[in-house]
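Fold and geometry: a report
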Amino acid sequence: MEKNKSFLRNEGVQALLSSILCIIIGLIIGYIVLLFINPQGASGAILAIIKNWANSSRSTLQLKNLGSTLVNTAPLLLCSLSVLFAYKVGLFNIGASGQYTAGIIVALYGALALHLPWIVCMVLSIIAGAIVGAISGALKAYQNVSEVISGIMLNWILLYAANMILSSVKEPSDIYTLKMAKNAPQAILPTLGLNSIFNNHQYVGIAIPIALIAAILVWIILDKTKLGYELKATGLNKNGAKYAGMKENQNIILTMAIAGGLAGLAASCLYLTGITEWSCATASVPGMGFNGIAAAFLGGLNPLGSILSSYFIQHISMGGSFVDLSIYPSQVADLISSIIIYLCGFVAFFKLMMNQFLDKKDAKGGK
Amino acid sequence: MATFLLLAEYTLIFASVLMLVALGGCYSEHSGVINIGLEGIMVMGALGGALVMNMFPGLSAPLMILAVMAGSMLFGVIYSTLLGFSAIHLKADQTIIGTAMNMLGVALATIIVKTINMQANASNPTSTLQYIAQKKLFLVKLGSFEFNWFMLISLVILAIAYVVMYKTRFGLRLQACGEFPQAAASVGIDVYKMRWSGVLISGLLGGLGGIVYIMAGVSEWKFENGVAGFGFLAMAVMIFGQYRPLRIGVSALLFGFFRALGNVYTGFGFLVALNIPSTLYNMLPYIVCLIVLTFTSKNSRAPKADGIPYEKGQR
């Protein structure tokens, strides 16, 4: 009894339970929406979304699809780390999408126009993301501009910049940028032999371990170093941090620069594999940064939780492409992940309810 | 001359959108709730209005205008309850809720429109709705200037907002709830009720702004694209307008002008001669917004208790 009580009171366990609750409610609402559209195929469609790569009948194809999911999980994990890092310092990095787009511009331009090797492209994309993040940070620190609004404005500015700059490296007769494999083989990320595990999936490679290492590094920086402590102190109380002798404005800028760097790295981890190209007619900001918000909160704002939640969100979104598209729109998957974020806003409320329930139970047990 | 009239026309219609949505945000923030979900509310309002046009194409002009307004406002209000419920009663983080509402709005609207389109015609799985004939009912030709009834409606709503905010008991009480809710409660004001009013009015005006936006210059809308950050531009208009109705009206005109320039710059010989790529004009409103905020946010007059959940016993 005593052991059981302390187990449910544990912060981590409560965070996990809240996330699972969010996921279950999100899936149920998604299922209800599917029922509204067409009741006959709804069960099949929700199962298709949940199964994702397991939909394929052959195990070789399953491995390939799992590989594709993982390739897309790596950038999502990095974006969620970007959001998480800023949030721990009291900043809401809705501009992750713009920082990510800045990374795309630099990575693809460096690879296709300047023919730089992959490592240089990657470093440049980190720097580009960091600069965009630092702009938001500096505006916040010195001019009190809300990072949410400056982030959104930068998202749109960089989207149009990407369409403008990358149209110089696009296919002459198409809207997409040049194929990496043909035009910039030197900039393709090394596979490290990881591709052989996934049935020779050519895009699986170094990006996945890089993202995992980043998650561990973020965890170490935030929880185990003086820098992390100072940044979190600044987030809790800017004036308090200043009084304690910390450089509070610099801390805000540094935080946003690190967050931006993570988002920029995410871009090169996806686009330098060659799995996808940029469309120079893109009309809306890439969803990667927004899904990063979902993954960060679903993971209970813990870098290691982000690994699981990023995989889950990516799993669901790729699962959306397995539903019968002649009946159901693939956006059902987006709907589910946005409902999950909405519910994540209630995590504090869930925990409160859980603790109240436990208190009541304890009081009864005491009698 | 004709191009100047066209520029004025686009400026006024985009300013109407920004003004409506910014005034909506203004009500919500004065009551103490930050509404980041305005973008999603606009999408849902646009959907409501577009569905009315789609379902009742035969209405006469006055009826059509009223029905479309009612449809968009209704959708906006219903959607804003998502924010009201979570922010007022469950004390949820208003930034996360708003972000989720923006994503949910686009996903939901896309699903609804795609389903309708596919049921009407199985080979049309797009998220686009058309309203070419219906849109003409909203326009009146004054010479070569195309007057849109929404311009007048927005002006009336601006005047109402000014009176409500400063001259009525409701407006002053609303503002008290955003400045110091505990003090407001101590003199018998129901803070929950006031915050609900603020959020629902922001849904009403945000929804209306959404339908005006998707009818500005185009006669069909692809719902997958959302509303291109206009909800956030409106928030910038609100901050630049220092949360005051009349100043919001003026700053909406400024931002509307820069947005309009992107649509009509090809008509001005000297602008074409500058040979600036067209994408730069698309960026212009966002760049101007960033610069303006840089110089005006320092003396922000945001309500003091904006975004802080209200707890009854707290002092």
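Just so it is clear, the structure is predicted and the values come from calculations on it, not from any experiment.

For the rest of this paragraph, the subject is the overall build of chain B. Of the regular secondary structure elements, chain B holds 13 helices and four strands. Computed over the C-alpha atoms, the radius of gyration of chain B is 20 Å, within 12% of the 20 Å expected from 2.2 N^0.38 for a compact globule of 315 residues. Each principal axis of the C-alpha distribution contributes one length, and for chain B these read about 60 × 50 × 35 Å. Counting the 315 residues in chain B, one finds 57% classified as buried. Taking the contacts inside chain B whose residues are at least 6 apart along the sequence as the reference set, 78% of them involve residues at least 24 apart. Total accessible area on chain B is roughly 12,400 Å²; 67% of this is exposed by carbon and sulfur atoms. One finds the centroid of the 19 positive side-chain charges in chain B at a distance of 8 Å from the centroid of its 11 negative side-chain charges.

Regarding its fold elements, chain A presents 16 helices and zero strands. Here the C-alpha atoms of chain A give a radius of gyration of 22 Å, agreeing with the 21 Å that 2.2 N^0.38 yields for 367 residues. For chain A, the spread of C-alpha atoms along the principal axes amounts to about 80 × 65 × 40 Å. Expressed as a percentage of the 367 residues in chain A, the buried residues total 54%.

With that settled, consider the interface of chain B and chain A. Taken together, the contacts link 45 residues of chain B with 43 residues of chain A. Carbon and sulfur atoms make up 79% of the surface buried where chain B meets chain A, a total of about 3,900 Å² over both sides. Summed over the shared surface of chain B and chain A, the number is zero salt bridges. Viewed at the interface, chain A and chain B are joined by four residue pairs in polar contact (both at pLDDT 80 or more). Elements represented by at least two residues in the side of chain B that touches chain A include exactly helix H3 (61-89), helix H4 (94-120), helix H10 (230-240) and helix H13 (278-296) of chain B.

We now examine unusual backbone geometry. All names here are of chain B. With phi around 55 degrees, Ala228 is a residue other than glycine that occupies positive phi space. Among the structural elements, Ala228 can be located in the loop between strand E4 (220-222) and H10. Positive phi is not limited to glycine here, since Gln242 has a value of about 50 degrees.

Here we come to the environment of B:Thr168. As for its placement among the helices and strands, B:Thr168 is situated in the loop between helix H6 (149-167) and helix H7 (169-179). With a relative accessible area of 27%, B:Thr168 lands in the partly exposed category.

Right, let's get into the environment of B:Thr266. Its place among the elements puts B:Thr266 in the loop between helix H11 (245-264) and helix H12 (269-273). Accessibility expressed as a relative area gives 57% for B:Thr266, which makes it exposed.

As a note on interpretation, predicted positions should not be read in detail where pLDDT is low. For chain B, the mean per-residue pLDDT works out to 89, and 99% of the residues sit at or above 70. Per-element mean pLDDT across chain B ranges from 78 in H12(B) up to 95 in helix H9 (residues 191-214) of chain B.

This next bit is on the nonpolar core. If you look at the biggest cluster of nonpolar residues, it comprises 219 residues, and the most contacted ones within it are A:Tyr100, B:Phe150, B:Tyr213, B:Ile214 and B:Phe223. For this core, the element with the most residues is helix H1 (residues 2-31) of chain B, which contributes 14 residues. When near neighbours in sequence (up to four residues on either side) are disregarded, B:Phe223 contacts B:Val43, B:Ala46, B:Leu47, B:Ala50, B:Val106, B:Ala109, B:Thr110, B:Val113, B:Ser127, B:Leu129 and B:Ile214.

Our next topic: the pairing of strand E3 (residues 145-148) of chain B. Residue and element names in this part refer to chain B. With four bridges connecting them, strand E2 (residues 139-142) and E3 associate as antiparallel partners. In the strand pairing of E3, Leu139 is matched with Asn148. In sequence, E2 turns back onto E3 through a hairpin of two residues, with Gly143 there showing a positive phi of about 65 degrees.

For the rest of this paragraph, the subject is the packing of aromatic side chains. According to the stated counting rule, one finds 20 aromatic pairs over all chains in the structure shown. Each ring, one from A:Trp156 and one from A:Tyr160, has its centre 6.4 Å from the other, and the planes form 40 degrees; the classification is tilted. Remark: A:Tyr160 and A:Trp156 occur in helix H7 (residues 147-166); sequence separation between them is four residues, near one turn of the helix. Judged by relative accessible area, A:Tyr160 falls into the buried class, the value being 15%. Following the ring pairs from residue to residue traces out a cluster consisting of B:Tyr10, B:Phe14, B:Tyr213, B:Trp221 and B:Phe230. One cation-aromatic arrangement involves B:Arg259 over B:Phe14; the distance from NZ or CZ to the ring centre is 4.4 Å.

The subject of this paragraph is the pattern of salt bridges. Opposite charge on two side chains permits them to pair, given that their charged atoms come into close proximity. Within the structure shown, the criterion is met by five salt bridges over all chains. The closest approach of N and O atoms between A:Lys140 and A:Glu147, which form a salt bridge, is 3.3 Å. Of the charged contacts in the structure, one is a salt bridge between B:Glu146 and B:Lys141, with a shortest N-O distance of 3.6 Å. A relative accessible area of 58% places B:Lys141 in the exposed class.

So, about a nonpolar patch on the surface. Together, A:Ile119, A:Val120, A:Val123, A:Leu124, A:Ile127, A:Ile131 and A:Ile135 give the surface a local cluster of nonpolar side chains, amounting to about 530 Å² of exposed area. Within the secondary structure, A:Val120 is located in helix H6 (residues 118-143).

Residues and elements named next belong to chain A. Between helix H2 (residues 11-37) and helix H3 (residues 42-51), whose axes approach to 9 Å, the crossing angle comes to 140 degrees. Judged by the inter-axis angle, H2 sits oblique to H3. The handedness of the crossing between H2 and H3 is right-handed. Of the residues in H3, those in contact with Leu27, Gly30, Tyr31, Leu34 and Leu35 of H2 are Ala42, Ser43, Ala45, Ile46 and Ile50. Here the residues of the contact of H2 with H3 sort into eight nonpolar, two polar and no charged.

Residues and elements named next belong to chain A. By the element assignment, Asn249 lies in helix H12 (residues 248-271). Classification of Asn249 by relative accessible area gives buried; the value is 18%. Non-local contacts of Asn249, meaning those with residues more than four positions away in its chain, are made with Ala141, Tyr142 and Lys238.

What counts and what doesn't
Residues numbered from 1 in each chain as written. Chains lettered and ligands numbered in written order. Predicted model: local features only at pLDDT ≥ 70, side-chain atom pairs only at ≥ 80, totals over all residues. Heavy atoms only, no water. Helix = DSSP H or I, 4+ residues; strand = E, 2+ residues; numbered from the N terminus. Rg over C-alpha atoms; globule rule 2.2 N^0.38 Å. Buried < 20%, exposed > 50% of the residue type's maximum accessible area, 1.4 Å probe, protein only. Contact = heavy atoms within 4.5 Å. Areas by Shrake-Rupley, 256 points an atom, 1.4 Å probe, with all protein chains shown as cover. Lys, Arg positive; Asp, Glu negative; His and termini not counted. Charge placed at Lys NZ, Arg CZ, Asp CG, Glu CD. Buried area = accessible area lost by both parts, 1.4 Å probe. Salt bridge = Lys/Arg side-chain N within 4 Å of Asp/Glu carboxyl O. Polar contact = N/O pair within 3.5 Å; in protein donor to acceptor, adjacent residues only side chain to side chain. pLDDT = per-residue confidence, 0-100. Core = buried A, V, L, I, M, F, W, Y, C linked by side-chain atoms within 4.5 Å. Pairing = 2+ DSSP bridges. Phe/Tyr/Trp six-rings, centres within 6.5 Å; stacked < 30°, edge-to-face > 60°. Lys NZ or Arg CZ within 6 Å of the ring centre and 35° of its normal. Patch = residues over 30% accessible without salt bridge, like charges linked within 9 Å, V, L, I, M, F, W, Y side chains within 5 Å. Axes fitted to C-alpha atoms, helices over the stretch in contact; angles between N-to-C directions. Parallel < 35°, antiparallel > 145°, perpendicular 65-115°, else oblique. Left-handed = near helix turned anticlockwise from the far one by under 90°. Nonpolar A, V, L, I, M, F, W, Y, C, P; charged D, E, K, R; others polar.

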